[in-house]
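The primary structure of each chain is shown beneath.
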Amino acid sequence: MAVIYTDNNATTRVAPEVLEAMLPYFSDQYGNPSSMHKFGGKVGLKVAEARERMGRLLGATPDEIIFTSCGTESDSTAIWAAIRSNPEKKNIITTRVEHPAVKNLCEHLSKNGYRVTFVPVDRNGQLDTDFLYRHLTDDTAIVSVMWANNETGVVFPIEEIASHVKDRGIVFHTDAVQAVGKVPIGLRSIPVDMLSLSGHKLHGPKGIGALFIRKGTKFSPFLMGGHQERGRRAGTENVASIVGLGKACEFVATKLEEENTRVKALRDKLETALVKTIPNAFINGDVAHRLPNTTSISFEYVEGESILLLMDEHEIAASSGSACTSGSLEPSHVLRAMGVPFTAAHGSIRFSLSIYNTEEEIDFIIDKMPPIIERLRSMSPYWEQAVGKP
Amino acid sequence: MNRPNVDLIFPRRVFKNEEALMWEYTDNVKKHFLNPKNVGIIEDANAVGEVGSMACGDALKLTLKIDDNKRIVDAKFQTFGCASAIASSSALTEMIIGKTIEEAEKITNEHIADYLGGLPKEKMHCSVMGRDALEKAISCYLGEPEKKIEGSIICECFGVTDFEIERAIKENSLTNVESVTNYIKAGGGCGNCHEGIQDIIDRLLIQEAPSKKEPKRLTNIQRIKLIEETLEREIAPALKKDGGSIELVDVDGSQVFVKLFGTCATCKKSQLTLKNYVERKLRELVSEDLIVEEVS
């Protein structure tokens, strides 16, 4: 039986048209885009074309984009660039629900001379923007706020936040790894200075990311060496992946409507059915401002790893915010920042869909989940107490 | 050209699809998780042990039926937790049914882990939870008063005391904070207590040190050689500073006969030098029972 893949916020399937576009650059088109000869120059043109394709998706000019090795490198590049360009400023503002790529770097910096302000979220995972605005100071080197949360799918009001931050003349970066390809990104009108994205979250290959750097933003390279990317990111271009990422940008642009209609409808069907048929289950996050493909559902009194392993028996792939699956002993920092009680945080399951999911698959999950939860609850010492003895 | 067989140096591991889980669970863990034995509650149980909490992420309620001969005739469990917590609980019930409580008392968390063919190290705390529940159930049966929390809380996140940390370190020969976290969760939250845990490890290591330095039994030749070396390397240079020197004459059992030259030999304090210095050094570095005698 084929896998039913609902873990697209972890990674996505490479679109067949993306793979096809990449293949020549693994075989006969092996030139170095920096070479003087036509054989390399031809490849250089394809890199330029990929940059343009990405620009069209984001609303950016090609020279505002540099290719990196992943979303994490883009995030690190942006934050280091801001603090190196403003060496006298010692405050960083970010949120309590960032991806580890930003969170762990900021925690590291907080132990090395920086004052980091972590903006809290409310019970729905929505950002306390007033808190953020109150804490903007002349000492703030950068504000970094994710566009959409990977665990709950909650989308932050980036346009409003970026405008406020820019009014104070402070650099604004957003980790848009989960947002690009799922919601429109209009950088012509949204005053973001830097934006990170990752190829494998939008049906492109792994090992490639990009950073948008608005013209005029003070910058300092993260990787130093050759003159590639106009001196902003050294290292021979990962040509095949860049071409693939360009193609993926074009591909998701054509699928954006489907993502926000058909995929969204499947997600809504899935979560509505599960919350309705399974008692003590609820959705985590601001349902009105969410990515169309993501739902985080908590099943009280059961533990996420056990749920995932029983789902795996049916070849259903998803993920959990439980402690056991995070490799640590504490449940997801995102759910804890939201104040989700422990009874529910340990039993949270994230389903993240894509255009490749079918209604049949969703019906299959809707059919298989209730007995899984019931089975684990029948083993749980808390379930009887919670519902009262039959 | 003769090339070395790389496979012999770096044995190839065969990766099987069914191993492709986030944790490397053994077949036995999977079996006990997918088809757990003895799930439920014994209504007329005469021993109950409850450990863990929802906040901690796992909890186990163990109920036992113990007969007049102090034999466990039935055991059931309810567990909230991950696959290895459920498997450990199931294994525990299988292990104890039919045993007397004296026999059951001897079960350690290692036994539970072994019964399952091993647990990933990050999951050892699941086996500790099983052992703790069993202990509590037996105390309950024996009518022992509910044990007060012994010691003081070190890990605030998971409510673990120094007493429990010490016990885990001793029973499982743990040597670092990470392994303590794997076994009893202490230190797995905010991380503020890592220093406190390290202090306990250091303290136990020091306490253990003398017993570890069990006097090695030396053969006669080894003993004499060691005395010679020690005199040459450690003692002679020190005496030389005072213008003296020392020569080994004989060793008889625990008696070491030495000859002293130079200022030491005529020094009235030579007796003191020998007793206080040479003997102390030899006892420290060779053997506790050595007696130094001066010959002329």
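Quick caveat: nothing in here was measured; it's all calculated off a predicted structure.

What counts, and at which threshold
- Residues numbered from 1 in each chain as written.
- Chains lettered and ligands numbered in written order.
- Predicted model: local features only at pLDDT ≥ 70, side-chain atom pairs only at ≥ 80, totals over all residues.
- Helix = DSSP H or I, 4+ residues; strand = E, 2+ residues; numbered from the N terminus.
- Buried ≥ 20, exposed ≤ 12 C-beta atoms within 10 Å, placed from the backbone.
- Contact = placed C-beta atoms within 7 Å.
- pLDDT = per-residue confidence, 0-100.
- Pairing = 2+ DSSP bridges.
- Axes fitted to C-alpha atoms, helices over the stretch in contact; angles between N-to-C directions.
- Expected span 1.5 Å × (residues − 1).

1. Quick word on the overall build of chain A
The number of helices and strands found in chain A is 13 helices and 13 strands. By its C-alpha atoms, chain A is 80 × 50 × 35 Å across when sized along the principal axes. Looking at the 390 residues of chain A, the share that counts as buried comes to 53%. Put simply, 72% of the contacts in chain A that link residues at least 6 apart link residues at least 24 apart.

2. Focus: the confidence of the model for chain B
All names here are of chain B. A residue-level look at chain B finds 86% of positions with pLDDT of 70 or above and a mean pLDDT of 83. For chain B, the element scoring lowest by mean pLDDT is helix α11 (residues 263–266), at 54; strand β3 (residues 72–80) scores highest, at 95. This complex was scored by the predictor with a pTM of 0.81 and an ipTM of 0.86.

3. Regarding the sheet that holds strand β5 (residues 140–144) of chain A
Residue and element names in this part refer to chain A. The 7 strands are arranged β2-β8-β7-β6-β5-β3-β4 in an open sheet whose pairing can be described as mixed. Edge positions in the open sheet fall to β2 (65–68) and β4 (115–119), since each of these has one partner strand only. Direction aside, the axes of adjacent strands within the sheet are offset by 20 degrees on average. Pairing analysis gives 5 bridges linking strand β3 (residues 91–95) to β4, with the strands arranged parallel. Opposite Asn91, over in β4, you have Arg115 as the bridge partner.

4. Describing unusual backbone geometry
Residues and elements named next belong to chain B. A positive phi angle, near 50 degrees, is found at Ser173, a position not held by glycine. With respect to the element layout, Ser173 can be found in the loop between α7 (162–172) and α8 (177–184). Unlike most non-glycine residues, Lys185 shows phi in positive territory, near 75 degrees. Tracing the chain through its elements places Lys185 in the loop between α8 and α9 (194–212).

5. Notes on the sheet that holds strand β9 (residues 281–284) of chain A
Residues and elements named next belong to chain A. Here 4 strands make up an open sheet; going across it, the order is β9-β10-β13-β12 and the pairing antiparallel. Strands at the two margins of the open sheet, each flanked by one partner only, are β9 and β12 (319–320). Two elements, strand β10 (residues 294–299) and strand β13 (residues 348–352), share 5 bridges in a ladder whose sense is antiparallel. Bridged to Ser298 within β13 is Ser348.

6. Concerning helix α3 (residues 71–85) of chain A
All names here are of chain A. Here α3 contains 15 residues, and its C-alpha end-to-end distance of 21 Å stays within 8% of the 21 Å for a straight helix at 1.5 Å per residue. Buried residues of α3: Gly71, Thr72, Glu73, Ser74, Asp75, Thr77, Ala78, Ile79, Ala81, Ala82 and Ile83, and no others. Against the buried residues of α3 lie β2, α4 (100–110), β5, β6 (171–175), β7 (194–198) and β8 (209–213).

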